[in-house]
Amino acid sequence: MTNELDGADQPNNSSSDKSREAGLSIEKICYDKCENIASISVQTTEESVQLLGTSAKPTRRRLEEVKREKRDKRAVNPGQQDDEVIIKPENAAVERSKAVDSAFLGKYSIWRREFDSESSDSTVRLIRDQMIMARVYSSIAKSKNKLGLYLELLRQLKESQRALGDASTDSEIRHSVSQRIKEMGQFLIKARDQLFECKAVTRDLRSMLQSADEQVRGLKKQSTFLSQLVAKTIPNGIHCLSMRLSIDYYLLPPEKRKFPRSENLENPNLYHYALFSDNVLAASVVVNSTIMNAKDPQKHVFHLVTDKLNFGAMNMWFLLNPPGEATIHVENVDDFKWLNSSYCPVLRQLESSAMKEYYFRANHPTTISAGSSNLKYRNPKYLSMLNHLRFYLPEVYPKLDKILFLDDDIVVQKDLTGLWSVDLKGNVNGAVETCGESFHRFDKYLNFSNPHISQNFDPNACGWAYGMNLFDLKVWKKKDITGIYHKWQTLNANRSLWKLGTLPPGLITFYGLTYPLNKSWHVLGLGYNPSIDPAKIKKAAVIHYNGNMKPWLELAMARYRPYWSKYITYNDPYVQTCKLTSVYSQS
């Protein structure tokens, strides 16, 4: 939780001379803005007039005369109006609009490539500019009770909107639109001659800016809400895959449910991976990509843990699609009897009435306005012990010395065996740091207004990424990492130290015990950032689809999905039956 205070410059009222200078400066700013608006109006209408084959020179001369008269009046009475009061709301609206696009939310018009960027076509822009000025003049005409002109402007607006339609490029609009542009341009000149007043136009444009700003903010909130909602869902194809595999697994005789090479599971001389997932397709991509890029596959061992619902499906998939010469073992998290509420604070909290009320009450807010900020933290993954099992690795694998933890939304692109030779210098966790100059530091994830946090941690400490983590389990046991986790998780029973999730408690638990890996080992952001350098992706050993736009969802970014989809086993009959081939093979 960040504790940042935005400062504001205070006006200096120490002397009347400074006040007068400020007033003159504000007056000049207002006049310059007014001149810019007038210039835009002239430029727009002149383009239209040129299409008509007429001249705009007389009109322009009249406008210049009006501007000269206003300039003379302002020079005589520079402090006549308090223009600061007028300018402030406009500047505030501009600043808010700059801050609107604070997150990458993706494009959802997937069938229209041209919507990926704004149109740069002059004809479309000209029509839109004409419509903006027509709205401004219609508002002024209505305020001056010029109903005839007002109604005609509305008619012109409807005609231009009909001509433009849903077009975003010149190629999408009809050839006859040039006549519409001429007619609208001609009428705008007429309206300008009758209605143009710099102050009135500025006021209405400011009002439109503020209205558009509020609309964009509302749409951003709605987009965030919907993207988080979609991120919680399971696509039909993956659900179909899991159900069909489960049915067939439980029809197998017990002797055919065993994986080969079980003697490798506790051999500390091999390369061991921990993968906790309830998504069969995602887990298959992680395993396939790791093995296909491994130099010595027979030395790799995959420890896969899933839940009761997907246990049969996960077993059946890897029985039918074994990872070559590598070893794999699937376990059910519900079979870990030691993982109970008396030992695990998270389970104890999940059984509390307060947590049940937070998650399961019938009337908790689900509307965009009331629920969008908390929907992220009501994701079912936070209720799953698969998500918290990463804090119990020595209990799950007591015979191992080191293990590489992988999330199920990653793709391995290079051989990872070099990680086991990295010297962690006495630390427990090897991870890639994610902080820049001012982001992804501890104060982004933790509540530093709480003394438990502020007295023990540095708000500027660098955050790091879960998703590909090398853990030294020997040092883990010596440092009692699980005990540290339990302590902080207990203190956070009321969610006052951090909100739900595993990264904040991970940052706390491994504070001062994390060794920074080279960033080329792990590149993040493919689930939310559309502008990652392709060279970095190509160079990365592991790429991570952290964020809402998972590669198995329809809202995934098309440019990144092929890195993931090329590791799907398309010839598998279950994949074909569930129509996953048609969904991902065309990426």
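Read on for an overview of the structure. (Residues numbered from 1 in each chain as written. Predicted model: local features only at pLDDT ≥ 70, side-chain atom pairs only at ≥ 80, totals over all residues. Heavy atoms only, no water.)

### Thoughts on helix 8 (residues 236-249)
(1) Moving on: Its 14 residues give helix 8 an end-to-end C-alpha distance of 20 Å, which sits within 8% of 20 Å, the value for a rise of 1.5 Å per residue.
(2) Moving on: Regarding helix 8, the residues found buried are Gly237, Ile238, Leu241, Ser242, Leu245, Ser246 and Tyr249. An end-on view of helix 8 places all buried positions within 165 degrees of arc, on one side of the element. The exposed set on the far side of helix 8, more than 90 degrees from its buried face, consists of Asn236 and Ile247.
(3) Moving on: The secondary structure elements touched by the buried residues of helix 8 are helix 9 (280-292), helix 10 (311-320), helix 23 (573-577) and helix 24 (580-584). (Helix = DSSP H or I, 4+ residues; strand = E, 2+ residues; numbered from the N terminus. Expected span 1.5 Å × (residues − 1). Buried < 20%, exposed > 50% of the residue type's maximum accessible area, 1.4 Å probe, protein only. Arc of directions from axis to C-beta. Contact = heavy atoms within 4.5 Å.)

### A short note on the nonpolar core
(1) Moving on: Grouped together as the largest cluster of nonpolar side chains are 64 residues, with contacts concentrated most on Leu241, Leu404, Leu416, Leu419 and Trp564.
(2) Moving on: Looking at which element gives the most residues to this core, the answer is helix 9, with eight residues.
(3) Moving on: Listed in part, the 45 residues of the second largest apolar core include Leu350, Tyr392, Leu400 and Phe442. (Core = buried A, V, L, I, M, F, W, Y, C linked by side-chain atoms within 4.5 Å.)

### Overview of the pairing of strand 7 (residues 468-472)
(1) Moving on: Among the five residues of strand 7, five are classified as buried, and the element is accordingly described as predominantly covered.
(2) Moving on: Every second residue of strand 7 is oriented toward a common face, with Met468, Leu470 and Asp472 on one face and Asn469 and Phe471 on the other, all of them buried.
(3) Moving on: Looking at chain direction, strand 6 (residues 429-431) and strand 7 are connected through two bridges and run antiparallel. Looking across to strand 7, one finds that Gly430 is bridged to Leu470. (Pairing = 2+ DSSP bridges.)

### Points about the pairing of strand 4 (residues 402-406)
(1) Moving on: With four of five residues buried, strand 4 lies mostly within the body of the structure.
(2) Moving on: Note that strand 1 (residues 271-276) and strand 4 share three bridges and pair parallel. When the sheet's bridge partners are listed, Leu275 is paired in strand 4 with Leu406.
(3) Moving on: Note that strand 4 and strand 7 share five bridges and pair antiparallel. Bridge pairing links Leu406 to Met468 in strand 7.

### Details of the state of the cysteines
(1) Moving on: Enumeration over the complete set of coordinates arrives at two disulfides.
(2) Moving on: The disulfide partner of Cys240 is Cys578, and the gap between their sulfur atoms is 2.0 Å. As the torsion about the S-S bond is roughly -75 degrees, the Cys240-Cys578 disulfide counts as left-handed. Of this pair, Cys240 sits in helix 8 while Cys578 sits in the loop between helix 23 and helix 24, and the two are 338 residues apart along the sequence.
(3) Moving on: Linked covalently through their sulfurs, Cys435 and Cys462 form a disulfide whose S-S length is 1.7 Å. Of note, the bridge from Cys435 to Cys462 carries an S-S torsion of about -100 degrees and is left-handed in sense. Of this pair, Cys435 sits in the loop between strand 6 and helix 16 (442-445) while Cys462 sits in the loop between helix 17 (451-454) and strand 7, and the two are 27 residues apart along the sequence. (Disulfide = S-S within 2.5 Å.)

### Side note on the sheet that holds strand 9 (residues 522-523)
Hydrogen bonds along the backbone pair up the strands of a sheet, which may run parallel or antiparallel.
(1) Moving on: If you walk across this open sheet you meet the three strands as 5-10-9, and the pairing is mixed. Looking at the sheet topology across the chains shown, the edges are occupied by strand 5 (410-412) and strand 9.
(2) Moving on: As judged from the three bridges shared by strand 5 and strand 10 (residues 542-544), these two strands associate in the antiparallel manner. Directly across from Val412, in strand 10, lies its bridge partner Val542.

### Thoughts on the packing of helix 5 (residues 147-164) against helix 6 (residues 177-195)
(1) Moving on: Two elements in contact, helix 5 and helix 6, have axes separated by 10 Å at closest approach and are oriented at 155 degrees. Regarding the angle of helix 5 to helix 6, the classification is roughly antiparallel. Judged by the sense of rotation from one axis to the other, the crossing of helix 5 with helix 6 is left-handed. Only Val177, Arg180, Glu183, Met184, Phe187, Ala191, Gln194 and Leu195 of helix 6 make contact with helix 5, whose side of the interface consists of Leu149, Glu152, Leu153, Gln156, Leu157, Glu159, Ser160 and Ala163.
(2) Moving on: Considering only residue class, the contact of helix 5 with helix 6 consists of nine nonpolar, three polar and four charged. (Axes fitted to C-alpha atoms, helices over the stretch in contact; angles between N-to-C directions. Parallel < 35°, antiparallel > 145°, perpendicular 65-115°, else oblique. Left-handed = near helix turned anticlockwise from the far one by under 90°. Nonpolar A, V, L, I, M, F, W, Y, C, P; charged D, E, K, R; others polar.)

### Considering the side chain of Asn529
(1) Moving on: Relative to the helices and strands, Asn529 resides in the loop between strand 9 and helix 21 (534-539).
(2) Moving on: A residue is classified by how much of its surface remains accessible, and Asn529, at 18% relative accessible area, is buried.
(3) Moving on: At 3.0 Å, the side chain of Asn529 forms a polar contact with the side chain of Ser531. (Polar contact = N/O pair within 3.5 Å; in protein donor to acceptor, adjacent residues only side chain to side chain.)

Everything listed is a geometric property; what it means functionally is a separate question.
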